[in-house]
Amino acid sequence: MSDEAAFKVGLEDVIAGVSSITSVNGLEGRLVYRGYDIHDLALNSTFEEVIYLLWHEDLPTHAELRDLSAELDANRQIPEGLIKFLRQFPVDAPPMDSLRSAISLLSFFDPDTGDNSLEANRRKAMRLTAQFGTIVAALARLGQGKEIIAPVSGKTTAWNFLYMLNGVEPNHTMEHALDVAMVLHADHEFNPSTFAARVSVATLTDMYAAVTTAIGTLAGPLHGGANVEVMRMLEQVGDPHEAEEFVADALKNGRKLMGIGHRVYKTLDPRAMSLRYMSRQLAETSGNRKWYDISEALEGAAERALAAKGKTTLKANVDFFSASVYHVLGIPTEFFTPVFAVARIPGLTAHILEQLGHNKLIRPRAVYTGETGRKVTPLSHRG
Ligand code: COA
């Protein structure tokens with residue numbers, strides 16, 4: 001087979017490694033963490049249980065969960081030195097740029113930075129997972145000119161995040177909605193940012209460098225950044241009755257519908273199914289149906305219009321209904337992608353630990369399509 005024939009644009013369907021963390025079945029629309037279906041986990045476990053599952057290959061016992069929660073509590077506070085840096089960030093900086101910079105700076109305050117032993121990396125994974133939400137909430141509040149709020153012990157990651165962000169204790173419905181959303185976002189096999197982190201750490205660089213690489217990758221609108229674009233799209237549509245026209249106009253002008261389509265899923269993303277249900281529940285309990293109703297109308301209009309063009313495999317992905325969920329939870333739109341990152345950090349660190357467990361440098365090849373056989377004309381003769 002020629003190099004060109006073996007090559008897959010965008011590495012589509014290419015198997016790039018071995019993993020026992022998460023499996024994705026794109027044809028059936030199934031997502032499984034360590035053998036547990038995502039719907040089962042969303043209904044019967046919590047984000048903290050899923051953190052344990054991703055790191056330790058099994059769900060925790062009562063005692064293991066108590067210990068993990070205590071460790072998260074003990075590590076949730078962020079260093080004063082980091083807060084001083086955060087206060088100097090431009091208030092209008094894109095939040096994912098601020099998060100990327102904050103995590104890079106956080107490495108200066110971690111005594112284990114530079115130590116790539118399993119024990120040190122497990123401690124770093126714990127600190128990062130505990131501190132991500134605190135950092136994102138702090139960035140959001142500083143961006144609004146408000147004071148930072150410290151985390152509270154004995155509460156979940158979801159509760160703490162909403163409290164540190166909004167300054168009021170979340171009710172059970174809100175805490176549960178974010179908790180489920182975080183369970184659904186916690187890992188997703190070799191998605192671009194996780195793969196970027198694995199490539200990074202395979203060089204034996206530090207976990208902080210790999211996580212910083214991943215945040216930069218997650219930010220793009222074709223990946224984690226899509227949830228922000230979905231909210232902007234819902235705002236533009238403004239009314240469920242405008243959905244058909246919006247979709248027709250977008251497709252006529254070659255614009256992609258954000259939150260629709262997926263590289264792996266050729267049917268509905270299973271996370272979108274759960275998030276659609278949550279979005280409707282939140283709409284009903286909050287009395288604010290507007291964003292759910294627009295989302296539902298847009299989803300239907302997109303499916304019909306795309307199917308009419310023969311594109312029957314383009315369905316809603318994880319970002320489509322997470323936008324209306326995050327909005328109703330009081331999360332500012334530009335912080336939707338950082339919230340995705342808060343949920344993804346356990347999966348990301350699980351992949352980093354797994355990569356280092358059986359490491360081999362990741363270094364693919366390219367099909368060369370450039371010039372050949374050229375000779376250098378000295379600069380003085382090049383005009
Ligand atoms: N809206 C309209 N058309 C879309 C589309 C969308 N959201 N997603 C894909 N398509 C179309 C493309 O225009 C292309 O059409 P063509 O063959 O006529 O040129 C075809 O479907 C294949 O799309 P492509 O972008 O090449 O597929 P991919 O596997 O590389 O991309 C995504 C996957 C996710 C990047 C893509 O579906 C997308 O951009 N979606 C919107 C962004 C998004 O929600 N990202 C979050 C993913 S979780």
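Here's what I pulled together on the structure shown here. This is a predicted model, so every value here is computed, not measured.

**Considerations on the overall build of the protein**
Regarding its fold elements, the protein presents 17 helices and three strands. Scaling as 2.2 N^0.38, a compact globule of 383 residues should have a C-alpha radius of gyration of about 21 Å, and the protein matches this with 22 Å. Each of the three principal axes of the protein carries a C-alpha extent, and together these read 70 × 55 × 45 Å. Per-residue burial for the protein yields a buried fraction of 50% across its 383 residues. Relative to all contacts within the protein whose residues are 6 or more apart in sequence, the contacts with residues 24 or more apart total 75%. Of the accessible surface of the protein, which amounts to about 18300 Å², a share of 53% is contributed by carbon and sulfur atoms. Across the protein, 38 positive and 46 negative side-chain charges occur, with their mean positions spaced 7 Å apart.

**Examining the site of the ligand**
By nearness alone, 17 residues border the ligand, and K256, L257, I260, R263 and K311 come closest of all. Residue L222 places a main-chain N or O atom 3.0 Å away from a nitrogen atom belonging to the ligand. Residue I260 places a main-chain N or O atom 2.8 Å away from a nitrogen atom belonging to the ligand. Notes on the ligand: free accessible area 850 Å², of which the protein chains cover 66%. Per-class residue counts for the shell around the ligand are eight nonpolar, five polar and four charged.

**Brief notes about the packing of helix α10 (residues 192–201) against helix α17 (residues 336–357)**
Put simply, α10 and α17 touch, their axes get as near as 9 Å, and they point 35 degrees apart. Read as a crossing pair, α10 and α17 show a hand that is right-handed. Here α10 contributes S193, T194, A197, R198 and V201 to the contact with α17, which in turn contributes R344, L348, H351, I352, E354, Q355 and L356. Residues that form the contact of α10 with α17 fall into these classes: five nonpolar, four polar and three charged.

**Things to note about helix α13 (residues 243–252)**
Those residues of α13 not exposed but buried are A243, F246, V247, A250 and L251. The buried side chains of α13 occupy one side of the element, clustering within an arc of 120 degrees when seen end-on. Summarising the geometry of α13, the exposed residues directed more than 90 degrees from the buried face are E245 and K252. Tucked into the core, α13 has its buried residues touching α12 (226–237) and α15 (290–308). Positive backbone phi, at 70 degrees, marks G254, one or two positions downstream of α13.

**Focus: the packing of aromatic side chains**
Applying the stated criterion across every chain, the model contains six aromatic pairs. Ring geometry for Y292 against F321: centres 6.3 Å apart, planes inclined by 35 degrees, an arrangement best described as tilted. Placement of Y292 in helix α15 and of F321 in helix α16 (residues 318–328) is noted, with a sequence separation of 29 residues between them. Accessibility assignment for this pair places Y292 and F321 in one class, buried. Three or more aromatic residues link up through ring pairs in this structure, and these residues are Y292, F320 and F321. Sitting above the plane of the W159 ring, K155 keeps its charged end 4.8 Å from the centroid.

**Describing the sheet that holds strand β2 (residues 30–33)**
Strand order in this open sheet of three strands is β1-β2-β3, and the pairing throughout is antiparallel. Of all the strands in the sheet, the pair left with one neighbour each is β1 (22–25) and β3 (36–37). Bridge count between β1 and β2: four bridges; the pairing is antiparallel. Considered in β2, the bridge of T22 is made with Y33.

**Considerations on unusual backbone geometry**
In the Ramachandran plot, L11 falls in the positive-phi region, its phi being about 55 degrees despite a non-glycine side chain. Summarising the element assignment, L11 is placed in the loop between α1 (3–6) and β1. L11 gets classed as partly exposed once you look at its relative accessible area, which sits at 47%. Phi is positive for D13, close to 65 degrees, though the residue is something other than glycine.

Calculation notes
- Residues numbered from 1 in each chain as written.
- Predicted model: local features only at pLDDT ≥ 70, side-chain atom pairs only at ≥ 80, totals over all residues.
- Heavy atoms only, no water.
- Helix = DSSP H or I, 4+ residues; strand = E, 2+ residues; numbered from the N terminus.
- Rg over C-alpha atoms; globule rule 2.2 N^0.38 Å.
- Buried < 20%, exposed > 50% of the residue type's maximum accessible area, 1.4 Å probe, protein only.
- Contact = heavy atoms within 4.5 Å.
- Areas by Shrake-Rupley, 256 points an atom, 1.4 Å probe, with all protein chains shown as cover.
- Lys, Arg positive; Asp, Glu negative; His and termini not counted.
- Charge placed at Lys NZ, Arg CZ, Asp CG, Glu CD.
- Near = heavy atom within 4 Å.
- Polar contact = N/O pair within 3.5 Å; in protein donor to acceptor, adjacent residues only side chain to side chain.
- Nonpolar A, V, L, I, M, F, W, Y, C, P; charged D, E, K, R; others polar.
- Axes fitted to C-alpha atoms, helices over the stretch in contact; angles between N-to-C directions.
- Left-handed = near helix turned anticlockwise from the far one by under 90°.
- Arc of directions from axis to C-beta.
- Phe/Tyr/Trp six-rings, centres within 6.5 Å; stacked < 30°, edge-to-face > 60°.
- Lys NZ or Arg CZ within 6 Å of the ring centre and 35° of its normal.
- Pairing = 2+ DSSP bridges.

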